[in-house]
2 protein chains.
Amino acid sequence: MDLIKKVIQNIKEPDIKIYEAAKERLRHQARPAGSLGILEDVGARLASIFKTIDVQLTNKIIVTCAGDHGICAEGVSLFPSDVTHQMVYNFVKGGASINVIARHAGAEVVVADLGVDWDFEPDLPIFHKKVQRGTANFTKGPAMTRAEAVKSLKNGIEIVEELLGKKPVHIIGTGDMGIGNTTPSSAIIAVYSKLPLEQLTGKGTGIDEKGLRKKIDALNRGLAFNVPDPNDPIDVLSKVGGFEIGGIAGVVLGAAAHGIPVVCDGFISTAGALIACELAPLAGKYLFASHNSVETGHRFMLDYLRLKPLLDLKLRLGEGTGAALAMGLIDAATRILFEIKTFKEVAIDDAQ
Amino acid sequence: MDLIKKVIQNIKEPDIKIYEAAKERLRHQARPAGSLGILEDVGARLASIFKTIDVQLTNKIIVTCAGDHGICAEGVSLFPSDVTHQMVYNFVKGGASINVIARHAGAEVVVADLGVDWDFEPDLPIFHKKVQRGTANFTKGPAMTRAEAVKSLKNGIEIVEELLGKKPVHIIGTGDMGIGNTTPSSAIIAVYSKLPLEQLTGKGTGIDEKGLRKKIDALNRGLAFNVPDPNDPIDVLSKVGGFEIGGIAGVVLGAAAHGIPVVCDGFISTAGALIACELAPLAGKYLFASHNSVETGHRFMLDYLRLKPLLDLKLRLGEGTGAALAMGLIDAATRILFEIKTFKEVAIDDAQ
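The rules we used
- Residues numbered from 1 in each chain as written.
- Chains lettered and ligands numbered in written order.
- Predicted model: local features only at pLDDT ≥ 70, side-chain atom pairs only at ≥ 80, totals over all residues.
- Heavy atoms only, no water.
- Helix = DSSP H or I, 4+ residues; strand = E, 2+ residues; numbered from the N terminus.
- Rg over C-alpha atoms; globule rule 2.2 N^0.38 Å.
- Buried < 20%, exposed > 50% of the residue type's maximum accessible area, 1.4 Å probe, protein only.
- Contact = heavy atoms within 4.5 Å.
- Areas by Shrake-Rupley, 256 points an atom, 1.4 Å probe, with all protein chains shown as cover.
- Lys, Arg positive; Asp, Glu negative; His and termini not counted.
- Charge placed at Lys NZ, Arg CZ, Asp CG, Glu CD.
- Buried area = accessible area lost by both parts, 1.4 Å probe.
- Salt bridge = Lys/Arg side-chain N within 4 Å of Asp/Glu carboxyl O.
- Polar contact = N/O pair within 3.5 Å; in protein donor to acceptor, adjacent residues only side chain to side chain.
- Nonpolar A, V, L, I, M, F, W, Y, C, P; charged D, E, K, R; others polar.
- Pairing = 2+ DSSP bridges.
- Axes fitted to C-alpha atoms, helices over the stretch in contact; angles between N-to-C directions.
- Least-squares fit on C-alpha atoms with pLDDT ≥ 70 in both.
- Parallel < 35°, antiparallel > 145°, perpendicular 65-115°, else oblique.

Q: Which residues make up the overall build of chain A, and what are the values?
A: When its secondary structure is counted, chain A shows 15 helices and six strands. For 352 residues, the compact-globule estimate of 2.2 N^0.38 gives 20 Å, and the C-alpha radius of gyration of chain A, at 20 Å, lies within 12% of that figure. Referenced to the eigenvectors of the C-alpha coordinate spread, the extents of chain A come out at roughly 75 × 45 × 40 Å. Going through the 352 residues of chain A one by one, you find that 63% of them count as buried. The contacts of chain A with a sequence gap of at least 6 include a subset with a gap of at least 24, amounting to 76%. Taken as a whole, chain A presents about 12700 Å² of accessible surface, with 54% of it coming from carbon and sulfur. Treating the 39 positive side-chain charges of chain A as one cloud and the 41 negative ones as another, the clouds have centres 2 Å apart.

Q: Got a sec to walk through the interface of chain A and chain B? Specific residues and values, please.
A: Taken together, the contact between chain A and chain B spans 44 residues of the former and 43 residues of the latter. Together chain A and chain B conceal approximately 3600 Å² of surface at their shared face, both sides included; 67% is due to carbon and sulfur atoms. It is Pro32(A), His104(A) and Leu313(A) that lose the most area in chain A upon contact with chain B, and together they represent 15% of the buried surface on that side. In this assembly, chain A and chain B are joined by two salt bridges. Linking chain A with chain B are 14 residue pairs in polar contact (both at pLDDT 80 or more). Secondary structure elements with two or more residues in the side of chain A that touches chain B: α3 (37–50), α4 (82–93), α5 (97–105), α14 (321–339) and α15 (343–351) of chain A. At nine residues, α14(A) tops the list of elements feeding residues into the side of chain A that touches chain B. Classifying every residue of the side of chain A that touches chain B gives 23 nonpolar, ten polar and eleven charged.

Q: I'd like to hear about the pairing of strand β4 (residues 171–177) of chain B, residue by residue, with values.
A: Successive residues of a regular strand alternate their side chains across the two faces of the sheet. Residue and element names in this part refer to chain B. Most of β4 is tucked away, with seven of its seven residues classed as buried. Residues Ile-171, Gly-173, Gly-175 and Met-177 line one face of β4 and the alternating positions Ile-172, Thr-174 and Asp-176 line the opposite face, and both faces are buried. Here β4 runs beside strand β5 (residues 262–264); their pairing, made up of two bridges, is parallel. Among the inter-strand pairings, Ile-172 is bridged to a residue of β5, identified as Val-262.

Q: Give a description of the sheet that holds strand β1 (residues 60–67) of chain B that names residues and reports values.
A: Residue and element names in this part refer to chain B. Here we have six strands laid out as an open sheet, ordered β3-β2-β1-β4-β5-β6, and parallel in their pairing. Taken across any chain shown, the strands that pair with only one partner, and hence form the sheet edges, are β3 (127–128) and β6 (287–289). With eight bridges joining them, β1 and strand β2 (residues 107–115) adopt parallel strand pairing. From the neighbouring strand, Ile-61 faces β2, where its bridge partner is Glu-108. Most of the contacts of helix α11 (residues 243–257) go to β4, to which it runs at about 175 degrees, and overall it touches β1, β2, β4, β5 and β6.

Q: Go over the relation of the copies chain A and chain B, please, and point to the residues and values.
A: The two copies are related by a screw motion: chain A maps onto chain B through a turn of 180 degrees and a shift of 0.0 Å along the axis, at an RMSD of 0.0 Å. Taken together, the rotation and translation describe the operation of a two-fold axis. No C-alpha of chain A approaches the rotation axis more nearly than that of Leu311(A), which lies at 3.0 Å. The overlap is high: 98% of the interface residues of chain A also sit at the interface in chain B, so the same surface is used on both sides.

Q: Quick one: what's the story with the sheet that holds strand β2 (residues 107–115) of chain A, residue by residue and with numbers?
A: All names here are of chain A. Sheet architecture is open: six strands sit in the order β3-β2-β1-β4-β5-β6, paired in parallel fashion. Every other strand in the sheet has two partners, leaving β3 (127–128) and β6 (287–289) as the edge strands with one partner each. As judged from the seven bridges shared by strand β1 (residues 60–67) and strand β4 (residues 171–177), these two strands associate in the parallel manner. Bridge pairing in β4 places Ile-62 opposite Gly-173. Its contacts with the sheet place helix α6 (residues 146–166) against β1, β2, β3 and β4, and it is angled at close to 150 degrees to β2. Lying on the sheet, helix α11 (residues 243–257) is in contact with β1, β2, β4, β5 (262–264) and β6; it crosses β4 at an angle near 175 degrees.

Q: Let's hear about the packing of α6(A) against helix α10 (residues 233–240) of chain A: which residues, and what values?
A: All names here are of chain A. α10 packs onto α6 with a crossing angle of 105 degrees between their chain directions and a minimal axis gap of 8 Å. When the axes of α6 and α10 are compared, the pair comes out roughly perpendicular. Contacts from Arg-146, Ala-149, Val-150, Ser-152 and Leu-153 of α6 reach α10 at Ile-234, Asp-235, Leu-237 and Ser-238.

Q: For the side chain of Thr64(A), give the residues involved together with the corresponding values.
A: Assignment of secondary structure puts Thr64(A) in strand β1. The residues contacting Thr64(A), other than those within four sequence positions of it, are Phe91(A), Ile98(A), Val109(A), Val110(A), Val111(A), Ala112(A), Gly175(A), Asp176(A), Met177(A) and Glu319(A).

As structure tokens, then:
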């Protein structure tokens with residue numbers, strides 16, 4: 001826990017003075033006040049994080065964390081668990097959705113194995129951060145031990161540290177890959193929102209009504225058996241979470257500790273972000289929501305975290321695709337703040 | 001009318017076979033079917049327009065059409081009409097919102113005077129397409145003559161022709177500048193939706209409740225006095241429209257006739273697009289909605305045109321800013337279609 005505690009202590013409140021100065025500049029730009037909507041606040045928040053109104057998000061990285069899920073034994077997913085490791089290879093080859101969208105966004109994709117049920121070749125160019133080959137079926141016991149939950153968080157933090165050891169990173173997008181991982185994500189928001197599972201459980205990659213009932217049943221049994229304690233986020237993560245969800249939570253903590261903003265992808269990434277924010281509420285100051293997922297539980301997570309998504313494109317893919325799609329808008333928000341002239345600047349130009 | 005008739009005849013249905021082939025490819029990509037939401041249909045529609053699944057939107061142009069409005073005499077706007085020409089100069093200098101956002105999107109901005117109440121220097125680098133120095137106050141008579149309405153459409157078409165005379169154009173975003181122009185836009189959607197003006201009238205650049213009541217009153221009087229005929233879109237444009245709205249409608253028609261997709265900005269641009277689609281329903285096949293404006297009447301326009309906006313960022317600026325912000329997503333949609341590998345392609349790669 002020492003690393004995690006240290007990291008949490010290192011997360012500082014962004015600079016409120018720069019935030020106010022940015023808002024002031026936005027208000028005085030030569031356009032109706034507030035007319036650029038949500039992007040204005042995004043720009044001001046980034047300014048407060050970077051302590052400058054000229055934020056340059058040069059190096060963008062998507063960290064896609066992968067893991068497998070014992071809960072798949074309950075028939076909660078349309079796809080077999082084997083797809084998780086197959087997709088990891090697909091990411092490495094560059095032909096998957098996240099590769100295509102990140103390339104378009106000018107972002108680099110890094111893939112991390114937090115708990116895939118497969119032995120990857122040691123020289124495969126991914127972050128080898130496996131905690132365990134897949135979680136246990138959480139209807140019959142905890143998904144992982146407490147020590148494993150802590151390790152998944154640490155491993156996520158390490159990913160950020162190792163990335164920063166190579167070059168500066170200006171923004172991180174989170175992503176996930178893990179067959180069955182909408183189920184632990186629904187469990188996590190159920191613990192915190194206390195809403196009925198029917199409202200929080202979606203069809204994932206596309207199960208039918210019967211599959212959905214099975215999934216809700218498995219969730220009910222899992223939560224009843226484990227009774228996760230919402231006041232102890234590591235307890236929640238260990239009992240009904242996933243290794244990639246812990247990894248994502250660690251990435252959020254690590255990024256926030258280094259003053260790096262994080263663009264959250266969809267349902268699973270936001271579950272990870274939620275765990276991070278329960279451990280360290282200040283981490284939320286570094287979080288930006290990319291999109292509003294089709295997964296029904298996602299908006300309750302966003303509400304809980306008080307995040308406003310930038311996109312509503314009916315996405316339900318994961319991998320970090322929503323985060324990558326939002327990066328262009330986040331970049332635009334930095335340019336809006338810095339480059340649009342104020343009425344005063346326009347007048348000065350006119351006088352010259 | 002000859003040019004307009006010819007242009008309308010030149011608008012062809014996009015290639016439905018390519019659309020189907022694109023949908024087929026999207027369905028077989030190595031990801032859950034439908035998981036990239038609205039972007040999938042955007043990609044397929046662009047493929048059908050360009051008759052290829054590898055659409056390259058290299059040359060992007062934002063056409064920002066400007067005009068003044070006699071209706072401002074009724075106190076419908078927070079800003080004086082002088083701001084219209086001042087903003088045209090600001091666009092030319094490159095410091096306005098649309099310049100900043102378009103630069104970020106890799107789009108060129110061209111500005112067109114369709115009816116600004118100002119004599120611009122002939123060498124000012126804009127499209128000089130002035131029909132008249134501002135419309136008349138449409139509470140007291142038609143906003144313009146029928147001949148002027150036709151001329152504004154023709155001038156918009158000419159802008160596209162002249163742009164294409166210089167270099168290929170792959171996508172056009174529409175934009176507007178005109179103090180008071182949410183008022184004619186509300187009038188246009190009122191004519192077509194037949195909904196009460198209270199539902200269709202917003203606060204524009206930021207008038208208060210009293211201003212809003214004045215605006216609705218002016219609209220009621222203008223519509224009662226003019227009785228625009230919804231079956232005759234040029235009648236609607238002339239009686240309660242604007243020169244820049246006619247220009248935008250012309251741009252949409254001209255682009256569609258040349259097989260160029262158009263990204264519609266917000267409330268005013270969509271009013272122009274609506275007039276274009278009433279004149280030539282096939283033009284709608286070339287239209288893409290960028291965002292859902294804060295202006296309350298906008299969603300009724302989008303519904304009427306059956307367009308799904310890509311963004312919901314609470315924008316209410318115009319100038320083409322929403323169109324420019326959406327261009328990155330539209331580009332992403334082309335890459336998603338072409339570059340994400342199908343399960344079959346992944347298997348072929350694995351076998352090699």
